Amino acid sequence: MSTELPPVAPEVLAEAVESLTARLRKKLDDATAGCAAAATGEADGSVTFRFGEDAVVTLRPGPAGTVTEAGQATCTCLLAPRCLHRAAALGAAPLADTAPPEPEPAGAAGTERTTAAEPAESAASAEPAEPAESAASAEPVESAESVPALTVAQVGAAAALWHAAAEALAAGVTAGGAVVQAELLRAAHTARLAGLPRAEAAALRVVRGLRAARERRTAHRLGDLTGSFRELLYSAGVLASGTADPALTGTSRRAYTQGGSLQVQGLCREPVLSATGYGGVVTHLLAPDGSRYSISDVRPGGLARARGAGRASVALGGATLDHAGLARGGLRIVGATVSPEGRLGAGRGVKATPLPGAAWSDGPAAPLFARPAAEAVAALLATPAEAAEAETALIGCDVTVVGAAGDHLLVREAVPHAPLLRLLPAHPHPELPHTENLRRIASYPGLRLRVLGRPDLDRAATLRPVAVGPVPGAQYTLRLPGEWLGRADLGYERLQGEHFPPPDAAAAAAGEAGPVPAADAPDPLADAPLWRVRRLLETGVAGGRRAVAEAARGTAAQAAYGPLRRAGLTAAADLATALAAEADRRPRDAFGRLADPSPDGYAWAWLAAATHLAAAERSLVAASWTATPDGATPAAP
């Protein structure tokens, strides 16, 4: 049985790799590969690695369980601490969160540091959230107040991070080993010291993505790593120019302000599961004026913590509710403290009194289902692409089940000329009931369903439901127990046969879904030839600059990007052609040496193509939510 390795602070790993000689750096990847399997846990909490008979590396984590200082990693060989053994052991351990959770100050208002699992964001994506980044992609929150101009240190740190990111992009996954990752970690640490938390978080996401790809983890997705590279290059490049909006630096702390007296009603709860071992729950709340709030309980513990936290007590002002009760109940809060994202704080001055719950059809939740989903999504798409609201907001709609199609469930909203919507699990982990619940719902075509979920803005007309309930007044709909108050949390409650209408009512209601076969559900994003640009960008991330250069040789470029031009996507074709040409541009002097070894030109060309692709795909996603008069989704250009 393998020993769980303690997390290591990024700067400790970067320093260990930087101290190695060039000869030892070439051996680092091979030395790191087998370290995790050879680790041995000791009684005092330390972990040892044995390299032969004379070299033993010991990692002694601090009270928080993390290796945060160089002295906590020792080796018995003669070259220590500048030895290959110590660097390999540190490289085998997972990266620690750069901003560990801190308790909220005892006063009524305080601050909270960004933690490893931002509840709303991590629950929003199919992939678990990454530390210090947050759903929603996980972006650090930008301050609404005026901030000073960028300092010289910030511009210099951003330039160093840009250079490290460009080198990592040119190397790709195949050559992005421990040395390349250490350069990124060193630059990320400098960015943190300079006050650039957003760029630092993007760099850590890239390093974790490179590790996952090289280790061939099942949860790795090349598209996610491509998006992480795009965010890193964009933030670092714009900040390095010195002309960026200072708000692009982000912030690692959220200030809690006085919210006075609040009255909130529970909407639903959803599990939070992070790839870094954090788990918990977030309960969504709604005020009578439509303001949205949340209470989260996220701690180390992984899946077991996420499953058990659904009934954990709510630590807010002495309230006697658990999260299951709060999701269907309410609170009257006196002396509330609220973060800019609507997270409620639990300071000593906060007092909370439980209130009776209300069904979705009554009280503040009713307006969520009053307007078509297309209008709600259009409002989200109108916000900047990096805004957290666009990734974490919940919308409601009444739908009719059409049937299963591949890995998703097809439904149609109960409004005229509505397009087909795809429902995907909010979290695909097999131990969570999201997937099982959707699979059971799919077996009841024609079922009327009230859905509360989060739109997936990276997919065409896709909604990730968090909770469902019966449609008021409908005959063929869910039949939930009265104590559930008309909704079921898909992440915690499993729908059973008794929760569905009897089979004899299915035949009469099946026609409500309409004779629309699953194969006829159009997907503008998948049908558009933009996949050619996406494949080129992902090829560069996987194989590096050399792999992209192959596309520039011969007639491959004309054959590949002709369909883009014929479809009217000339800008995408031009940017892809320029990227392939730049990747193949390797001028040499009379002695055969590279005349321009800098990867900056290639990184800028890649970033231009990636940024244009993201904007084009976002436009297609917006179009997929708009139906034509016959109810079909507009075709791709």
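Structure: see above.
Residues numbered from 1 in each chain as written. Predicted model: local features only at pLDDT ≥ 70, side-chain atom pairs only at ≥ 80, totals over all residues. Heavy atoms only, no water.

Caption draft 1: Local environment of the overall build of the protein. Each helix and strand counted, the protein has 21 helices and 17 strands in total. Each of the 637 residues in the protein was classed as buried or not, and the buried ones make up 53%. By element, 55% of the accessible surface of the protein is carried by carbon and sulfur atoms, the whole surface being about 26,700 Å². (Helix = DSSP H or I, 4+ residues; strand = E, 2+ residues; numbered from the N terminus. Buried < 20%, exposed > 50% of the residue type's maximum accessible area, 1.4 Å probe, protein only. Areas by Shrake-Rupley, 256 points an atom, 1.4 Å probe, with all protein chains shown as cover.)

Caption draft 2: Representation of helix α1 (residues 10–18) in the model. Taken as a whole, α1 has its buried residues at Pro10, Val12, Leu13, Ala14, Ala16 and Val17. For α1, the elements touching its buried residues are α2 (22–25), α3 (28–33), α4 (84–92), α7 (178–194) and α8 (197–214). (Contact = heavy atoms within 4.5 Å.)

Caption draft 3: Structural view of the packing of helix α9 (residues 222–240) against helix α17 (residues 531–543). At a minimum axis separation of 10 Å, α9 and α17 run at an interaxial angle of 90°. One way to sum up the angle between α9 and α17 is to call them roughly perpendicular. Along the contact surface, α9 presents Leu222, Gly223, Leu225, Thr226 and Phe229, while α17 presents Leu537, Glu538, Val541 and Ala542. Among the residues forming the contact of α9 with α17, the class breakdown is six nonpolar, two polar and one charged. (Axes fitted to C-alpha atoms, helices over the stretch in contact; angles between N-to-C directions. Parallel < 35°, antiparallel > 145°, perpendicular 65-115°, else oblique. Nonpolar A, V, L, I, M, F, W, Y, C, P; charged D, E, K, R; others polar.)

Caption draft 4: Just empty space enclosed by the protein, in detail. Roughly 50 Å³ of volume is contained in the largest cavity. Taken together, Gln265, Gly266, Leu267, Leu286, Ala358, Ala359, Trp360, Asp362, Pro364, Ala365 and Arg487 make up the full set of residues lining the largest cavity. Its residues assigned to classes, the lining of the largest cavity shows seven nonpolar, two polar and two charged. (1 Å grid on protein atoms, 1.4 Å probe; cavity = no way out; pocket = protein on both sides within 12 Å on 5 of 7 lines; lining within 4 Å. Points joined across faces, edges and corners; volume = space filled by probe spheres on them.)

Caption draft 5: Layout of unusual backbone geometry. At the junction of Ala80 and Pro81, the peptide bond is cis and its omega measures out at 5° in the coordinates. Relative to the helices and strands, Pro81 is located in the loop between β4 (73–75) and α4. Positive phi, close to 45°, is recorded for Ala461, a residue that is not glycine. Within the secondary structure, Ala461 is located in the loop between β15 (448–455) and β16 (462–469). We classify Ala461 as buried; its relative accessible area is 1%. Although it is not a glycine, Leu485 sits at a positive phi angle of roughly 55°. Its location among the elements puts Leu485 in the loop between β16 and β17 (488–489).

Caption draft 6: Spatial organisation of the side chain of Thr58. Mapped onto the elements of the fold, Thr58 is located in strand β3 (residues 55–59). Ignoring any residue separated from it by four or fewer positions in sequence, one finds Thr58 in contact with Ser46, Val47, Thr48, Gln72, Ala73 and Thr74.

Caption draft 7: How the structure looks around the nonpolar core. In terms of nonpolar packing, the biggest core is built from 136 residues, with Leu184 and Trp606 touching the most fellow members. When neighbours within four sequence positions are excluded, Trp606 is seen to be in contact with Leu169, Thr226, Phe229, Arg230, Leu233, Leu537, Val541 and Leu579. Counting 18 residues, the second-largest nonpolar core is a separate cluster that includes Leu316, Ile333, Val350 and Ala352. (Core = buried A, V, L, I, M, F, W, Y, C linked by side-chain atoms within 4.5 Å.)

Caption draft 8: Expanded view of the packing of aromatic side chains. Enumeration according to the criterion identifies four aromatic pairs in this entry. Above the plane of the ring of Phe369 lies Arg450, whose end atom (NZ or CZ) is 4.5 Å from the centre. (Phe/Tyr/Trp six-rings, centres within 6.5 Å; stacked < 30°, edge-to-face > 60°. Lys NZ or Arg CZ within 6 Å of the ring centre and 35° of its normal.)

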